[in-house]
Amino acid sequence: MEPMVEVIDLKKYFRERKGLFRHEKEPIKAVDGVSFTVEKGRTFGLVGESGCGKSTIAKLIVGILSPDSGRKIIRADRDIVFQDPFSSLNPRMTAKEIIGESLLVRGVRKKEIESRVRETLRLVRLDGPPCADKYPHQFSGGERQRIAIARALVRRPGILVLDEPVSSLDVSIQAGILNLLKDLQGELGLTYVFISHDLRVVEFMSDFVGVMKEGRLVEIASREEIYSAPKAEYTKHLLESIPKI
Amino acid sequence: MNDKVLEVKDLTVSIDGRRVIDKVDFDLHPGRILALVGESGSGKTLTALAVLDLLPMVSVREKGEIKFKGRNVFDLETGEMRKIRGDGIAMVFQEPFTALNPVMRAGDQISEAIVAHKGYSRIRVAGRVKELLDMVKLSPETSGRYPHELSGGMRQRVILAMALACDPDVLILDEPTTALDVSIQKQILDLIKQIQEENRFAILFITHDFSVVNMIADEVCVMKQGTVVEKGTKEEVLGRPRERYTRRLISCIPRLGDRRERLPV
(Lines give C-alpha, C1' and ligand atoms only; values in the text may rest on other atoms or scores of the structure.)
Protein backbone atom coordinates (compact mmCIF):
# COMPACT_ATOMS: atom_id res chain seq x y z
CA MET A 1 0.00 0.00 0.00
CA GLU A 2 1.28 3.45 -0.87
CA PRO A 3 2.19 5.86 1.89
CA MET A 4 -0.34 8.49 2.89
CA VAL A 5 2.22 11.27 2.95
CA GLU A 6 5.29 11.51 0.76
CA VAL A 7 7.54 14.51 1.04
CA ILE A 8 10.40 14.65 -1.45
CA ASP A 9 13.26 17.12 -1.16
CA LEU A 10 10.98 19.91 -0.03
CA LYS A 11 12.43 23.40 0.09
CA LYS A 12 10.98 26.64 1.33
CA TYR A 13 12.99 29.81 1.47
CA PHE A 14 11.88 33.15 2.85
CA ARG A 15 13.28 36.27 1.34
CA GLU A 16 13.77 39.54 3.11
CA ARG A 17 14.54 42.86 1.57
CA LYS A 18 16.40 45.21 3.80
CA GLY A 19 18.73 48.13 3.70
CA LEU A 20 18.77 51.46 1.95
CA PHE A 21 19.23 50.07 -1.53
CA ARG A 22 16.77 47.21 -1.08
CA HIS A 23 19.49 44.64 -1.55
CA GLU A 24 18.16 41.15 -1.25
CA LYS A 25 19.64 39.54 1.81
CA GLU A 26 20.59 35.91 1.94
CA PRO A 27 17.22 34.08 2.01
CA ILE A 28 16.23 32.24 5.16
CA LYS A 29 16.30 28.55 4.32
CA ALA A 30 13.42 27.52 6.54
CA VAL A 31 13.12 24.10 4.91
CA ASP A 32 16.18 23.00 3.00
CA GLY A 33 15.63 19.66 1.32
CA VAL A 34 13.45 17.53 3.59
CA SER A 35 12.19 14.07 2.62
CA PHE A 36 10.13 11.51 4.49
CA THR A 37 7.13 9.23 4.09
CA VAL A 38 4.33 8.27 6.43
CA GLU A 39 2.35 5.04 6.13
CA LYS A 40 -1.38 4.89 6.74
CA GLY A 41 -2.35 4.73 10.38
CA ARG A 42 1.15 5.61 11.57
CA THR A 43 2.57 8.63 13.34
CA PHE A 44 5.63 10.45 12.07
CA GLY A 45 7.13 12.61 14.79
CA LEU A 46 9.06 15.69 13.75
CA VAL A 47 11.20 17.04 16.53
CA GLY A 48 13.53 20.02 16.80
CA GLU A 49 14.08 23.29 18.55
CA SER A 50 12.30 26.58 17.84
CA GLY A 51 13.17 27.89 14.43
CA CYS A 52 14.28 24.59 12.91
CA GLY A 53 11.54 24.66 10.28
CA LYS A 54 9.13 22.09 11.63
CA SER A 55 6.14 24.45 11.66
CA THR A 56 6.98 25.44 8.10
CA ILE A 57 6.84 21.77 7.13
CA ALA A 58 3.42 21.55 8.81
CA LYS A 59 2.15 24.45 6.74
CA LEU A 60 3.63 23.00 3.56
CA ILE A 61 1.93 19.66 4.11
CA VAL A 62 -1.52 21.13 4.62
CA GLY A 63 -1.10 23.63 1.82
CA ILE A 64 -1.02 26.88 3.77
CA LEU A 65 2.37 27.51 2.15
CA SER A 66 3.66 26.40 -1.24
CA PRO A 67 7.11 24.87 -1.59
CA ASP A 68 9.78 26.57 -3.66
CA SER A 69 10.98 23.21 -4.90
CA GLY A 70 10.50 19.53 -4.20
CA ARG A 71 7.29 17.56 -4.23
CA LYS A 72 4.68 16.39 -1.88
CA ILE A 73 2.18 13.61 -2.45
CA ILE A 74 -0.74 13.55 -0.07
CA ARG A 75 -3.15 10.68 -0.56
CA ALA A 76 -6.03 11.77 1.64
CA ASP A 77 -7.75 14.86 2.97
CA ARG A 78 -5.64 16.63 5.53
CA ASP A 79 -6.21 19.09 8.34
CA ILE A 80 -4.19 20.76 11.07
CA VAL A 81 -4.21 21.41 14.82
CA PHE A 82 -2.11 24.30 16.12
CA GLN A 83 -0.35 24.92 19.39
CA ASP A 84 -2.28 27.70 21.02
CA PRO A 85 -5.89 26.70 21.40
CA PHE A 86 -6.87 30.15 22.58
CA SER A 87 -5.68 32.17 19.62
CA SER A 88 -6.67 29.61 17.02
CA LEU A 89 -10.35 29.67 18.00
CA ASN A 90 -12.54 32.62 17.04
CA PRO A 91 -13.62 34.09 20.38
CA ARG A 92 -16.93 35.25 18.93
CA MET A 93 -18.08 31.86 17.71
CA THR A 94 -19.54 29.04 19.75
CA ALA A 95 -17.90 25.63 19.77
CA LYS A 96 -20.62 24.39 17.44
CA GLU A 97 -20.03 27.21 14.97
CA ILE A 98 -16.25 26.80 15.06
CA ILE A 99 -16.42 23.10 14.38
CA GLY A 100 -19.17 23.37 11.77
CA GLU A 101 -17.64 26.25 9.83
CA SER A 102 -15.73 24.15 7.35
CA LEU A 103 -18.93 22.28 6.53
CA LEU A 104 -20.96 25.46 6.23
CA VAL A 105 -18.61 26.97 3.66
CA ARG A 106 -18.90 23.81 1.62
CA GLY A 107 -22.69 24.08 1.44
CA VAL A 108 -23.56 21.21 3.74
CA ARG A 109 -27.18 21.40 4.95
CA LYS A 110 -27.79 22.79 8.41
CA LYS A 111 -29.33 19.62 9.82
CA GLU A 112 -26.43 17.54 8.63
CA ILE A 113 -23.93 20.02 10.06
CA GLU A 114 -25.62 19.74 13.43
CA SER A 115 -25.48 15.99 13.53
CA ARG A 116 -21.90 15.81 12.30
CA VAL A 117 -20.77 18.43 14.83
CA ARG A 118 -22.53 16.52 17.61
CA GLU A 119 -20.89 13.30 16.51
CA THR A 120 -17.44 14.92 16.40
CA LEU A 121 -17.88 16.50 19.85
CA ARG A 122 -18.68 13.03 21.14
CA LEU A 123 -15.48 11.71 19.57
CA VAL A 124 -13.37 14.26 21.46
CA ARG A 125 -15.30 13.56 24.68
CA LEU A 126 -16.93 16.97 24.86
CA ASP A 127 -20.46 15.80 24.57
CA GLY A 128 -22.05 17.38 27.62
CA PRO A 129 -25.18 19.20 26.41
CA PRO A 130 -24.10 22.80 27.12
CA CYS A 131 -20.70 22.47 25.40
CA ALA A 132 -21.80 23.08 21.83
CA ASP A 133 -23.20 26.51 22.59
CA LYS A 134 -20.37 27.81 24.78
CA TYR A 135 -17.70 30.27 23.71
CA PRO A 136 -13.94 29.53 23.80
CA HIS A 137 -13.32 31.62 26.92
CA GLN A 138 -15.79 29.46 28.80
CA PHE A 139 -13.65 26.38 28.31
CA SER A 140 -10.41 25.30 29.94
CA GLY A 141 -7.18 25.06 27.92
CA GLY A 142 -7.50 21.32 27.48
CA GLU A 143 -11.13 21.60 26.38
CA ARG A 144 -10.24 24.29 23.87
CA GLN A 145 -7.67 22.00 22.38
CA ARG A 146 -10.33 19.31 22.08
CA ILE A 147 -12.46 21.80 20.16
CA ALA A 148 -9.51 22.50 17.86
CA ILE A 149 -9.14 18.76 17.31
CA ALA A 150 -12.85 18.39 16.64
CA ARG A 151 -12.67 21.19 14.11
CA ALA A 152 -9.84 19.42 12.34
CA LEU A 153 -11.71 16.10 12.34
CA VAL A 154 -15.22 17.13 11.35
CA ARG A 155 -14.65 16.42 7.68
CA ARG A 156 -13.03 13.14 8.57
CA PRO A 157 -9.63 13.77 7.01
CA GLY A 158 -7.27 10.85 6.65
CA ILE A 159 -4.26 12.87 7.74
CA LEU A 160 -3.85 15.17 10.71
CA VAL A 161 -0.89 17.49 11.13
CA LEU A 162 -0.42 18.44 14.78
CA ASP A 163 1.92 21.36 15.44
CA GLU A 164 2.88 21.41 19.12
CA PRO A 165 -0.66 20.45 20.11
CA VAL A 166 0.07 20.04 23.83
CA SER A 167 2.94 22.43 24.49
CA SER A 168 0.87 25.13 26.12
CA LEU A 169 -1.01 22.77 28.45
CA ASP A 170 -0.34 21.58 32.01
CA VAL A 171 1.26 18.13 32.08
CA SER A 172 -1.85 16.49 33.49
CA ILE A 173 -4.02 17.96 30.74
CA GLN A 174 -1.39 17.07 28.15
CA ALA A 175 -1.71 13.46 29.16
CA GLY A 176 -5.45 13.50 28.51
CA ILE A 177 -5.04 15.04 25.06
CA LEU A 178 -2.27 12.63 24.08
CA ASN A 179 -4.38 9.67 25.14
CA LEU A 180 -7.30 11.07 23.15
CA LEU A 181 -5.16 11.47 20.05
CA LYS A 182 -4.02 7.87 20.31
CA ASP A 183 -7.59 6.65 20.76
CA LEU A 184 -8.76 8.66 17.76
CA GLN A 185 -5.98 7.28 15.63
CA GLY A 186 -7.14 3.77 16.45
CA GLU A 187 -10.84 4.51 15.99
CA LEU A 188 -10.54 6.47 12.75
CA GLY A 189 -7.41 4.99 11.17
CA LEU A 190 -5.74 8.41 11.10
CA THR A 191 -2.25 9.14 9.89
CA TYR A 192 -0.44 11.73 12.00
CA VAL A 193 2.44 14.10 11.45
CA PHE A 194 3.19 15.09 15.04
CA ILE A 195 5.45 18.07 15.61
CA SER A 196 7.01 19.03 18.91
CA HIS A 197 10.15 20.28 20.58
CA ASP A 198 9.62 17.77 23.40
CA LEU A 199 11.23 14.42 22.70
CA ARG A 200 9.35 12.67 25.47
CA VAL A 201 6.00 13.51 23.93
CA VAL A 202 7.25 12.61 20.44
CA GLU A 203 8.48 9.26 21.68
CA PHE A 204 5.14 8.54 23.31
CA MET A 205 3.19 9.29 20.14
CA SER A 206 5.38 8.26 17.21
CA ASP A 207 6.29 5.22 15.19
CA PHE A 208 9.01 7.03 13.26
CA VAL A 209 10.91 10.16 14.19
CA GLY A 210 12.70 12.84 12.19
CA VAL A 211 15.07 15.23 13.95
CA MET A 212 15.27 18.66 12.35
CA LYS A 213 17.92 21.31 12.65
CA GLU A 214 18.14 24.51 10.63
CA GLY A 215 15.82 23.32 7.90
CA ARG A 216 17.28 19.85 7.47
CA LEU A 217 16.66 16.40 8.81
CA VAL A 218 19.79 15.34 10.67
CA GLU A 219 18.41 11.93 11.53
CA ILE A 220 15.38 9.83 10.68
CA ALA A 221 14.70 6.46 12.25
CA SER A 222 12.16 4.33 14.02
CA ARG A 223 11.19 5.33 17.54
CA GLU A 224 13.26 2.57 19.09
CA GLU A 225 16.38 3.47 17.13
CA ILE A 226 16.22 7.19 17.85
CA TYR A 227 15.97 6.69 21.56
CA SER A 228 18.16 3.68 22.17
CA ALA A 229 20.81 4.22 19.50
CA PRO A 230 20.83 7.81 18.22
CA LYS A 231 23.42 8.41 15.54
CA ALA A 232 23.57 12.18 15.11
CA GLU A 233 25.34 14.39 17.66
CA TYR A 234 22.43 16.79 17.64
CA THR A 235 19.97 14.02 18.47
CA LYS A 236 22.14 13.02 21.41
CA HIS A 237 22.27 16.65 22.53
CA LEU A 238 18.46 16.88 22.47
CA LEU A 239 18.15 13.64 24.39
CA GLU A 240 20.52 14.91 27.06
CA SER A 241 18.50 18.03 27.71
CA ILE A 242 15.39 16.11 28.61
CA PRO A 243 14.50 16.63 32.26
CA LYS A 244 14.67 13.34 34.09
CA ILE A 245 12.32 12.37 36.81
CA MET B 1 19.19 30.48 64.42
CA ASN B 2 16.36 31.70 62.28
CA ASP B 3 17.59 32.13 58.75
CA LYS B 4 14.17 32.13 57.15
CA VAL B 5 14.00 35.06 54.80
CA LEU B 6 10.32 34.51 54.07
CA GLU B 7 7.69 32.85 56.23
CA VAL B 8 4.16 32.20 55.01
CA LYS B 9 1.92 31.20 57.91
CA ASP B 10 -1.63 29.92 57.74
CA LEU B 11 -2.43 32.08 54.72
CA THR B 12 -6.11 31.98 53.83
CA VAL B 13 -7.63 34.10 51.08
CA SER B 14 -11.10 34.07 49.56
CA ILE B 15 -12.56 35.50 46.39
CA ASP B 16 -16.35 35.69 46.12
CA GLY B 17 -16.72 33.48 49.15
CA ARG B 18 -14.51 30.75 47.72
CA ARG B 19 -11.22 29.85 49.40
CA VAL B 20 -8.55 30.29 46.76
CA ILE B 21 -5.67 29.96 49.25
CA ASP B 22 -6.42 27.73 52.22
CA LYS B 23 -4.12 27.59 55.29
CA VAL B 24 -0.94 27.68 53.25
CA ASP B 25 2.34 27.41 55.17
CA PHE B 26 5.90 27.39 53.91
CA ASP B 27 9.28 29.04 54.51
CA LEU B 28 12.05 30.19 52.22
CA HIS B 29 15.72 30.03 53.16
CA PRO B 30 18.68 31.80 51.54
CA GLY B 31 20.37 29.68 48.92
CA ARG B 32 17.49 27.18 48.72
CA ILE B 33 14.78 26.63 46.12
CA LEU B 34 11.21 25.81 47.09
CA ALA B 35 9.04 24.56 44.27
CA LEU B 36 5.34 25.31 44.45
CA VAL B 37 3.78 22.65 42.22
CA GLY B 38 0.23 22.31 41.05
CA GLU B 39 -2.09 22.44 38.10
CA SER B 40 -3.68 25.59 36.70
CA GLY B 41 -6.09 26.98 39.25
CA SER B 42 -4.36 25.45 42.26
CA GLY B 43 -3.60 28.86 43.74
CA LYS B 44 0.15 28.91 43.24
CA THR B 45 0.31 32.20 41.32
CA LEU B 46 -2.10 33.83 43.77
CA THR B 47 0.14 32.72 46.62
CA ALA B 48 3.10 34.40 44.91
CA LEU B 49 1.06 37.57 44.46
CA ALA B 50 0.16 37.45 48.14
CA VAL B 51 3.86 37.47 49.02
CA LEU B 52 4.19 40.74 47.15
CA ASP B 53 0.94 42.03 48.62
CA LEU B 54 -0.46 42.21 45.09
CA LEU B 55 -3.61 40.20 45.55
CA PRO B 56 -6.54 41.38 43.45
CA MET B 57 -8.82 43.96 45.07
CA VAL B 58 -11.73 41.54 45.17
CA SER B 59 -9.87 39.14 47.42
CA VAL B 60 -10.36 38.94 51.16
CA ARG B 61 -7.51 37.87 53.38
CA GLU B 62 -9.25 35.91 56.10
CA LYS B 63 -6.17 35.11 58.12
CA GLY B 64 -2.49 34.39 58.04
CA GLU B 65 0.66 36.44 57.68
CA ILE B 66 3.66 36.65 55.42
CA LYS B 67 6.88 37.72 57.06
CA PHE B 68 9.69 39.06 54.95
CA LYS B 69 12.81 39.28 57.12
CA GLY B 70 10.61 39.16 60.17
CA ARG B 71 8.15 41.88 59.13
CA ASN B 72 4.58 41.08 58.12
CA VAL B 73 4.05 42.44 54.59
CA PHE B 74 0.40 43.08 55.28
CA ASP B 75 1.31 45.49 58.09
CA LEU B 76 3.64 47.61 55.99
CA GLU B 77 2.86 51.04 54.60
CA THR B 78 2.27 51.31 50.84
CA GLY B 79 5.55 53.13 50.38
CA GLU B 80 7.52 50.59 52.34
CA MET B 81 6.06 47.67 50.40
CA ARG B 82 6.73 49.39 47.09
CA LYS B 83 10.39 49.63 48.03
CA ILE B 84 10.48 45.93 48.77
CA ARG B 85 8.91 44.88 45.47
CA GLY B 86 11.67 44.60 42.90
CA ASP B 87 14.38 45.27 45.46
CA GLY B 88 13.93 42.88 48.38
CA ILE B 89 11.55 40.54 46.59
CA ALA B 90 11.65 40.27 42.81
CA MET B 91 9.25 38.33 40.62
CA VAL B 92 9.36 36.98 37.11
CA PHE B 93 5.81 36.51 35.89
CA GLN B 94 4.49 34.01 33.39
CA GLU B 95 4.34 34.92 29.71
CA PRO B 96 7.93 36.01 28.99
CA PHE B 97 6.96 37.36 25.62
CA THR B 98 4.70 40.01 27.06
CA ALA B 99 6.89 40.90 30.04
CA LEU B 100 9.24 42.97 27.91
CA ASN B 101 8.35 46.35 26.47
CA PRO B 102 8.58 45.87 22.68
CA VAL B 103 9.68 49.44 22.02
CA MET B 104 12.48 49.61 24.54
CA ARG B 105 15.94 48.18 24.15
CA ALA B 106 16.92 45.40 26.52
CA GLY B 107 19.60 47.49 28.22
CA ASP B 108 17.15 50.30 28.93
CA GLN B 109 14.65 47.92 30.47
CA ILE B 110 17.25 46.51 32.79
CA SER B 111 18.36 50.05 33.68
CA GLU B 112 14.78 50.94 34.52
CA ALA B 113 14.70 48.20 37.13
CA ILE B 114 17.85 49.59 38.72
CA VAL B 115 16.92 53.27 38.57
CA ALA B 116 13.53 52.61 40.17
CA HIS B 117 15.20 51.53 43.38
CA LYS B 118 18.75 52.85 43.55
CA GLY B 119 19.99 56.34 43.19
CA TYR B 120 22.97 55.31 41.10
CA SER B 121 24.75 57.63 38.69
CA ARG B 122 24.36 56.91 34.99
CA ILE B 123 27.81 55.37 34.78
CA ARG B 124 27.16 53.13 37.72
CA VAL B 125 23.85 51.97 36.21
CA ALA B 126 25.56 51.20 32.91
CA GLY B 127 28.17 49.21 34.75
CA ARG B 128 25.57 47.27 36.64
CA VAL B 129 23.68 46.48 33.40
CA LYS B 130 26.86 45.05 31.93
CA GLU B 131 27.45 43.03 35.08
CA LEU B 132 23.93 41.62 34.95
CA LEU B 133 24.13 40.70 31.27
CA ASP B 134 27.33 38.90 32.05
CA MET B 135 25.65 37.09 34.95
CA VAL B 136 22.92 35.78 32.69
CA LYS B 137 25.48 34.92 30.01
CA LEU B 138 24.36 37.42 27.40
CA SER B 139 26.81 39.46 25.36
CA PRO B 140 27.13 43.21 26.10
CA GLU B 141 25.71 43.90 22.62
CA THR B 142 22.37 42.48 23.79
CA SER B 143 21.89 45.75 25.64
CA GLY B 144 21.16 47.57 22.39
CA ARG B 145 18.70 45.01 21.03
CA TYR B 146 14.94 45.13 21.00
CA PRO B 147 12.97 42.16 22.36
CA HIS B 148 11.82 41.03 18.92
CA GLU B 149 15.46 40.66 17.90
CA LEU B 150 16.06 38.15 20.66
CA SER B 151 15.17 34.48 20.83
CA GLY B 152 12.82 33.18 23.54
CA GLY B 153 15.70 31.97 25.67
CA MET B 154 17.51 35.28 25.37
CA ARG B 155 14.37 37.19 26.32
CA GLN B 156 14.01 35.06 29.39
CA ARG B 157 17.59 35.86 30.37
CA VAL B 158 16.91 39.60 30.01
CA ILE B 159 13.87 39.25 32.26
CA LEU B 160 16.01 37.37 34.74
CA ALA B 161 18.60 40.16 34.63
CA MET B 162 15.84 42.69 35.38
CA ALA B 163 14.67 40.64 38.35
CA LEU B 164 18.20 40.32 39.71
CA ALA B 165 19.03 43.98 39.11
CA CYS B 166 18.66 45.04 42.70
CA ASP B 167 20.15 41.95 44.26
CA PRO B 168 16.92 40.68 45.84
CA ASP B 169 16.75 38.45 48.88
CA VAL B 170 13.85 36.53 47.41
CA LEU B 171 13.27 35.69 43.75
CA ILE B 172 9.87 34.39 42.69
CA LEU B 173 9.74 32.65 39.32
CA ASP B 174 6.31 31.81 37.91
CA GLU B 175 6.59 29.10 35.22
CA PRO B 176 9.74 30.72 33.79
CA THR B 177 10.46 27.95 31.31
CA THR B 178 6.98 26.89 30.21
CA ALA B 179 7.10 28.62 26.85
CA LEU B 180 10.62 27.42 26.04
CA ASP B 181 12.02 24.39 24.23
CA VAL B 182 13.26 21.64 26.54
CA SER B 183 16.89 22.24 25.61
CA ILE B 184 16.63 25.97 26.30
CA GLN B 185 14.72 25.17 29.46
CA LYS B 186 17.65 23.16 30.73
CA GLN B 187 20.05 26.03 30.01
CA ILE B 188 17.87 28.53 31.86
CA LEU B 189 17.42 26.23 34.86
CA ASP B 190 21.15 25.55 35.07
CA LEU B 191 21.78 29.29 34.85
CA ILE B 192 19.33 30.02 37.67
CA LYS B 193 20.98 27.44 39.91
CA GLN B 194 24.42 28.81 39.16
CA ILE B 195 23.46 32.43 39.84
CA GLN B 196 21.84 31.42 43.08
CA GLU B 197 24.96 29.62 44.20
CA GLU B 198 26.92 32.81 43.65
CA ASN B 199 24.39 35.17 45.22
CA ARG B 200 22.61 33.13 47.90
CA PHE B 201 19.08 34.47 47.53
CA ALA B 202 16.00 32.34 48.20
CA ILE B 203 13.88 31.15 45.29
CA LEU B 204 10.18 30.37 45.12
CA PHE B 205 9.74 28.42 41.89
CA ILE B 206 6.22 27.90 40.56
CA THR B 207 5.55 25.12 38.05
CA HIS B 208 3.07 22.46 36.99
CA ASP B 209 5.78 20.11 35.78
CA PHE B 210 7.42 17.63 38.14
CA SER B 211 10.31 16.98 35.81
CA VAL B 212 11.28 20.63 36.19
CA VAL B 213 10.89 20.23 39.96
CA ASN B 214 13.35 17.37 39.80
CA MET B 215 15.88 19.52 38.05
CA ILE B 216 15.73 22.52 40.30
CA ALA B 217 14.09 22.14 43.68
CA ASP B 218 15.39 21.53 47.18
CA GLU B 219 11.99 21.57 48.84
CA VAL B 220 8.55 20.97 47.34
CA CYS B 221 5.01 22.08 48.19
CA VAL B 222 2.23 20.44 46.21
CA MET B 223 -0.92 22.55 45.89
CA LYS B 224 -4.38 21.49 44.92
CA GLN B 225 -7.38 23.81 44.91
CA GLY B 226 -5.75 26.28 47.26
CA THR B 227 -4.36 23.85 49.81
CA VAL B 228 -0.93 22.38 50.33
CA VAL B 229 -1.59 18.65 50.05
CA GLU B 230 2.00 17.51 50.45
CA LYS B 231 5.26 19.12 51.52
CA GLY B 232 8.81 17.92 51.97
CA THR B 233 12.26 17.74 50.45
CA LYS B 234 12.49 16.92 46.76
CA GLU B 235 13.75 13.43 47.57
CA GLU B 236 10.81 12.78 49.90
CA VAL B 237 8.07 14.10 47.63
CA LEU B 238 9.42 12.69 44.38
CA GLY B 239 10.83 9.49 45.78
CA ARG B 240 8.18 8.56 48.32
CA PRO B 241 5.05 10.59 47.52
CA ARG B 242 2.42 10.03 50.18
CA GLU B 243 -0.59 11.54 48.46
CA ARG B 244 -2.41 9.97 45.54
CA TYR B 245 -2.65 13.39 43.86
CA THR B 246 1.12 13.82 43.99
CA ARG B 247 1.69 10.37 42.55
CA ARG B 248 -0.75 11.13 39.75
CA LEU B 249 1.01 14.39 38.85
CA ILE B 250 4.35 12.63 38.79
CA SER B 251 3.20 9.71 36.69
CA CYS B 252 1.36 11.61 33.97
CA ILE B 253 4.60 12.95 32.48
CA PRO B 254 5.78 10.85 29.53
CA ARG B 255 9.24 9.46 30.12
CA LEU B 256 11.97 8.39 27.74
CA GLY B 257 12.00 4.67 27.32
CA ASP B 258 8.48 4.60 28.66
CA ARG B 259 6.63 1.86 26.88
CA ARG B 260 3.22 2.78 28.29
CA GLU B 261 0.50 2.92 25.68
CA ARG B 262 -1.55 5.39 27.68
CA LEU B 263 -0.68 8.00 30.26
CA PRO B 264 -2.46 7.89 33.61
CA VAL B 265 -4.96 10.70 33.92
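Note that this is a predicted model, so its numbers are computed, not measured.

With that settled, the discussion passes to the environment of Gly31(B). Residue and element names in this part refer to chain B. Its location among the elements puts Gly 31 in the loop between β2 (18-28) and β3 (33-37). Separated by 172 residues in sequence, Gly 31 and Ile 203 have C-alpha atoms that sit 7.6 Å apart. For Gly 31, the contacting residues outside a window of four places in its chain are Gln 196 and Arg 200.

Our focus in this paragraph is the sheet that holds strand β7 (residues 78-81) of chain A. All names here are of chain A. Within the open sheet, the six strands sit side by side as β7-β8-β9-β5-β10-β11. Their pairing is mixed. Of all the strands in the sheet, the pair left with one neighbour each is β7 and β11 (216-222). Recorded for the sheet is a direction-independent mean angle of 15° between the axes of neighbouring strands. By the bridge criterion, six bridges tie strand β10 (residues 208-213) to β11 in an arrangement that is antiparallel. What sits directly across from Val 211, in β11, is Glu 219. Helix-sheet contacts for helix α8 (residues 233-240) involve β10 and β11, and the interaxial angle to β10 is about 100°.

Once that is clear, we can look at the domain arrangement of chain A. Frequently, the measure chosen for interface size is the accessible area removed from exposure when the parts meet. Residues and elements named next belong to chain A. One can read the domain layout of chain A as domain 1 (1-77 + 158-245) and domain 2 (91-156). Between the C-alpha centres of domain 1 and domain 2 the distance comes to 26 Å. Tallying the contact residues gives ten residues for domain 1 and eight residues for domain 2. Along the lines of polarity and charge, the residues of the side of domain 1 that touches domain 2 split into seven nonpolar, two polar and one charged.

What follows covers the environment of Leu173(B). All names here are of chain B. Mapped onto the fold, Leu 173 is located in strand β7 (residues 170-174). Along the chain, Leu 173 and Ala 163 lie ten residues apart, while their C-alpha atoms are 9.4 Å from each other. Ignoring any residue separated from it by four or fewer positions in sequence, one finds Leu 173 in contact with Val 92, Ile 203, Phe 205 and Ile 206.

As a further point, take the sheet that holds strand β6 (residues 69-74) of chain A. Hydrogen bonds between backbone atoms are what pair the strands of a sheet, whose relative direction is either parallel or antiparallel. Residues and elements named next belong to chain A. The three strands are arranged β4-β1-β6 in an open sheet whose pairing can be described as antiparallel. Looking along the sheet, the strands with just one partner apiece sit at the ends: β4 (28-38) and β6. Sheet twist, expressed as the mean angle between neighbouring strand axes with direction ignored, is 20°. The pairing of strand β1 (residues 5-14) with β4 spans eight bridges and is antiparallel. Paired with Lys 12 across the strands is Val 31, a residue of β4. Contacts from helix α1 (residues 54-62) reach β1, β4 and β6 within the one sheet, and its direction differs from that of β4 by about 60°.

The subject of this paragraph is the environment of Gly232(B). Residue and element names in this part refer to chain B. Following the sequence through the fold, Gly 232 ends up in strand β10 (residues 227-233). As a C-alpha pair, Gly 232 and Cys 221 span eleven residues in sequence and 6.8 Å in three-dimensional space. Residues within four places of Gly 232 in sequence aside, it is in contact with Val 220 and Val 237.

As a further point, take the packing of helix α6 (residues 152-164) of chain B against helix α7 (residues 182-199) of chain B. Residues and elements named next belong to chain B. Close contact between α6 and α7 brings their axes to 10 Å; oriented N to C, the two are set at 20°. On the basis of their axis angle, the class for α6 and α7 is roughly parallel. Once α6 is placed against α7, the crossing between them reads as right-handed. Contacts between α6 and α7 involve Gly 152, Gly 153, Gln 156 and Leu 164 from the first element and Ile 184, Gln 187, Ile 188 and Ile 195 from the second. Its residues assigned to classes, the contact of α6 with α7 comprises four nonpolar, four polar and no charged.

About the cut-offs
- Residues numbered from 1 in each chain as written.
- Chains lettered and ligands numbered in written order.
- Predicted model: local features only at pLDDT ≥ 70, side-chain atom pairs only at ≥ 80, totals over all residues.
- Helix = DSSP H or I, 4+ residues; strand = E, 2+ residues; numbered from the N terminus.
- Contact = placed C-beta atoms within 7 Å.
- Pairing = 2+ DSSP bridges.
- Axes fitted to C-alpha atoms, helices over the stretch in contact; angles between N-to-C directions.
- Domains from an automatic or database assignment.
- Nonpolar A, V, L, I, M, F, W, Y, C, P; charged D, E, K, R; others polar.
- Parallel < 35°, antiparallel > 145°, perpendicular 65-115°, else oblique.
- Left-handed = near helix turned anticlockwise from the far one by under 90°.

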